[in-house]
Amino acid sequence: MATNKRKVLLPDTMGREGVDIVRARDDIETILFPSRVGQAELLPMLTDCAGIALGGTPFRQVEMDASPAMQVVARIGVGYDAVEVPALSARKVPLMVAGTANSTSVAEQAFHLMISLAKKHEEMDQLVRGDRWTERHGGLPMELSGKTVLIVGFGRIGTRQAKRCNGFDMNVLIFDPYVDAGVVRAAGCEKVDDLDAVLPRVDFVSIHCPKNPETIDMFNAARFGKMKAGAYIVNTARGGIINERDLHAALTGGKIAGAGLDVFDQEPTPADNPLLKLRNVISSPHVAGVTTEAVAAMAVATARNILSVLDGTPNKENTINPEVYG
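Residues numbered from 1 in each chain as written. Predicted model: local features only at pLDDT ≥ 70, side-chain atom pairs only at ≥ 80, totals over all residues. Heavy atoms only, no water.

1. Quick word on the nonpolar core
Let me state the cut-off plainly: Throughout, nonpolar core names a set of buried Ala, Val, Leu, Ile, Met, Phe, Trp, Tyr and Cys residues whose side chains join them through atoms within 4.5 Å. Burial classes follow relative accessibility: with a 1.4 Å probe on protein chains only, a residue under 20% of its type's maximum area counts as buried, one over 50% as exposed, and anything between as partly exposed. Runs of E in the DSSP output that reach at least two residues are strands. Runs of H or I that reach at least four are helices, and both are numbered from the N terminus. Note on contacts: a residue pair qualifies if any of its non-hydrogen atoms lie within 4.5 Å across the two residues.
One finds Leu-150, Val-205, Ile-207, Phe-219, Phe-224, Ile-233 and Leu-247 to be the most contacted residues of the largest nonpolar core, which totals 31 residues. With three residues, the top contributor of residues to this core is helix H11 (residues 244-252). With sequence-adjacent residues up to four places away left out, Leu-150 is seen in contact with Leu-173, Ile-174, Phe-175, Val-192, Leu-195, Val-198, Leu-199, Val-202, Phe-204, Val-205 and Ser-206. If you look at the next biggest cluster of nonpolar residues, it comprises 23 residues, including Ala-118, Met-142, Ile-151 and Ala-162.

2. A closer look at the sheet that holds strand S3 (residues 49-54)
How we decide: When DSSP finds two or more bridges between a pair of strands, those strands are recorded as paired.
If you trace the five strands from one edge of the open sheet to the other, you get S2-S1-S3-S4-S5, paired in parallel fashion. Two strands in the sheet have a free side with no partner beyond their single neighbour: strand S2 (28-33) and strand S5 (95-96). Sheet topology places strand S1 (residues 6-11) next to S3; three bridges connect them, and they run parallel. Paired with Leu-9 across the strands is Ile-52, a residue of S3.

3. Topic: helix H1 (residues 16-23)
Inclusion rule: It is the directions from the helix axis to the C-beta atoms that the arc portrays.
Listed in full, the buried residues belonging to H1 are Gly-18, Val-19 and Val-22. Taken around the axis of H1, the buried residues stretch over an arc of 100 degrees, which confines them to a single face. Against S1, S2 and helix H12 (292-310) lie the buried residues of H1.

4. Let's talk about the packing of H1 against H12
Formally: Where helices are involved, their axes are fitted lines through C-alpha atoms of the stretch in contact, as for all axes, and angles between N-to-C directions lie from 0 to 180°. To sort the angles, those under 35 degrees are grouped as roughly parallel, those over 145 as roughly antiparallel, those from 65 to 115 as roughly perpendicular, and the leftovers as oblique. Amino acids outside the nonpolar list (Ala, Val, Leu, Ile, Met, Phe, Trp, Tyr, Cys, Pro) and the charged list (Asp, Glu, Lys, Arg) are all regarded as polar, and Gly is one of them.
Closest axis-to-axis distance for the H1/H12 pair is 6 Å, and the angle between their directions is 25 degrees. The orientation of H1 with respect to H12, classified from their angle, is roughly parallel. Here Glu-17, Gly-18, Ile-21 and Val-22 of H1 lie close against H12, whose contacting residues are Ala-296, Ala-299, Val-300, Ala-303, Arg-304 and Leu-307. A class-by-class count of the residues in the contact of H1 with H12 yields seven nonpolar, one polar and two charged.

5. Digging into the packing of helix H5 (residues 103-118) against helix H7 (residues 156-167)
Going by this rule: Helix crossings get a hand from a simple test, with the near helix turned counterclockwise from the far one by less than a right angle marking a left-handed crossing and a clockwise turn marking a right-handed one.
Interhelical geometry of H5 versus H7 gives an angle of 45 degrees and a closest axis separation of 8 Å. What the angle tells us is that H5 and H7 run oblique. For the crossing formed where H5 meets H7, the hand is right-handed. Packed against H5, whose contacting residues are Ser-103, Thr-104, Val-106, Ala-107, Glu-108, Ala-110, Phe-111 and Met-114, the element H7 presents Arg-156, Ile-157, Arg-160, Gln-161, Arg-164 and Cys-165 at the interface. Across the contact of H5 with H7, the residue classes tally to seven nonpolar, three polar and four charged.

6. Details of the sheet that holds strand S7 (residues 171-175)
What the seven strands build is an open sheet, ordered S8-S7-S6-S9-S10-S11-S12; its pairing is parallel. At either end of the open sheet lies a strand with only one pairing partner, and these are strand S8 (190-191) and strand S12 (281-283). Sheet analysis places strand S6 (residues 148-152) next to strand S9 (residues 204-207), joined by four bridges and oriented parallel. Residue pairing across strands places Val-149 opposite Phe-204, the latter belonging to S9. Across the face of the sheet, H5 comes into contact with S6, S9, strand S10 (232-235), strand S11 (258-261) and S12 while running at roughly 155 degrees to S10. Helix-sheet contacts for H11 involve S10, S11 and S12, and the interaxial angle to S11 is about 145 degrees.

7. Focus: the pattern of salt bridges
Rules: Any Lys or Arg side-chain nitrogen found within 4 Å of a carboxyl oxygen on Asp or Glu counts as a salt bridge.
Under the defined criterion, the tally for this structure stands at 13 salt bridges. Across the pair Arg-16 and Glu-17 runs a salt bridge whose closest N-O atoms are separated by 3.9 Å. When the shortest N-O distance is used, the salt bridge between Arg-238 and Asp-81 registers 2.6 Å. Of this pair, Arg-238 sits in the loop between S10 and H11 while Asp-81 sits in the loop between strand S4 (72-75) and helix H4 (85-89); the two residues are 157 residues apart in sequence, bridging distant segments of the chain. Under the relative-accessibility criterion, Arg-238 is labelled buried at 16%. Each of Arg-6, Arg-25, Asp-27 and Asp-311 takes part in salt bridges that share partners, so that together they form one network.

8. Some details on H7
Along an α-helix, residues three or four apart share an orientation, since each turn contains 3.6 residues. In plain terms, the rule: To estimate how far a helix should reach, multiply one less than its number of residues by 1.5 Å.
For H7, which comprises 12 residues, the first-to-last C-alpha distance of 18 Å matches the rise-based estimate of 16 Å (1.5 Å per residue) to within 8%. Contact partners of the buried residues in H7: H5, S6, S7 and S9. Looking one or two residues beyond H7, the residue adopting positive phi is Asp-169, at roughly 60 degrees.

9. Re the pairing of S6
How we decide: Whether a crossover is right-handed comes down to one check: with the strands pointing away from the viewer, does the path from the first strand over the helix to the second run clockwise; if it does, it is right-handed.
Most of S6 is tucked away, with five of its five residues classed as buried. Where burial is concerned, the two faces of S6 agree: the one with Thr-148, Leu-150 and Val-152 and the one with Val-149 and Ile-151 are both buried. Taken together, the five bridges between S6 and S7 define a ladder with parallel strand orientation. Paired with Ile-151 across the two strands is Ile-174, which belongs to S7. In this region the chain leaves S6, passes through H7 and returns to the parallel neighbour S7; the handedness of that crossover is right-handed.

The values are spatial; any link to function lies outside them.
What follows is the structure in structure tokens.
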């Protein structure tokens, strides 16, 4: 039977809090789809779809072509490297992100990885479990206080990471060509303009920039070669910003001391990824932004983003391509 309701697709992993907001609308037909849906299964669902929320599902030109009624595409998160923005913009379809909904969660995970590396948490835990207490002086942990951290990207998450590092009395350097030095100074940090020149000074690198042509392979063999032998690198942004092969070589060759990785080139990363065999690597399965609180907040933000467009009052602050409203 024909219906005047607009159809909105939501992944089955979306937080209930957001799903309930959409379902409460009498003028919306809410349809859940498998979060790992294949393209062949997704395309037929899009033919009369007015809005869609995306977890990790790619949305590019072919999906846009299959969506003649599409009015809004929303990411349940802030990264959008799997979305072909020009394809949406050409059709005047906004791409929405979840704003600051998971920023605190990601910053906390990044700081957790930093402090776990500094305190050699994994190694110390194994000494206790293996009844090897006498070895505890063999590789001592370090303090964060007084150390220098370079935060790459000073947006929603980078600014929050800076607060945590400042709270531990670290010297906080910021590399972000798109942020004014005055904004950085006001946050109690120091802006640096030359990434290569500053690397020999830093004890930690914490990555919080988008993945795009400017940042792919940003950290490669040449840059690892400029870092201190005792330095650590943490990535909670996107796989591909660090060249994994070059990172492995740097870690095994003593160029840097360790790495904390929440993201990888391929996800899920293969169990035989050589990085996972190294004792100076700690990892997590791309969950930096996935806490109980963040899942609920992202779901609510995503639902409101979609409805704002369908209601004709788009949330421009959370729109990646606001030019579509012109």
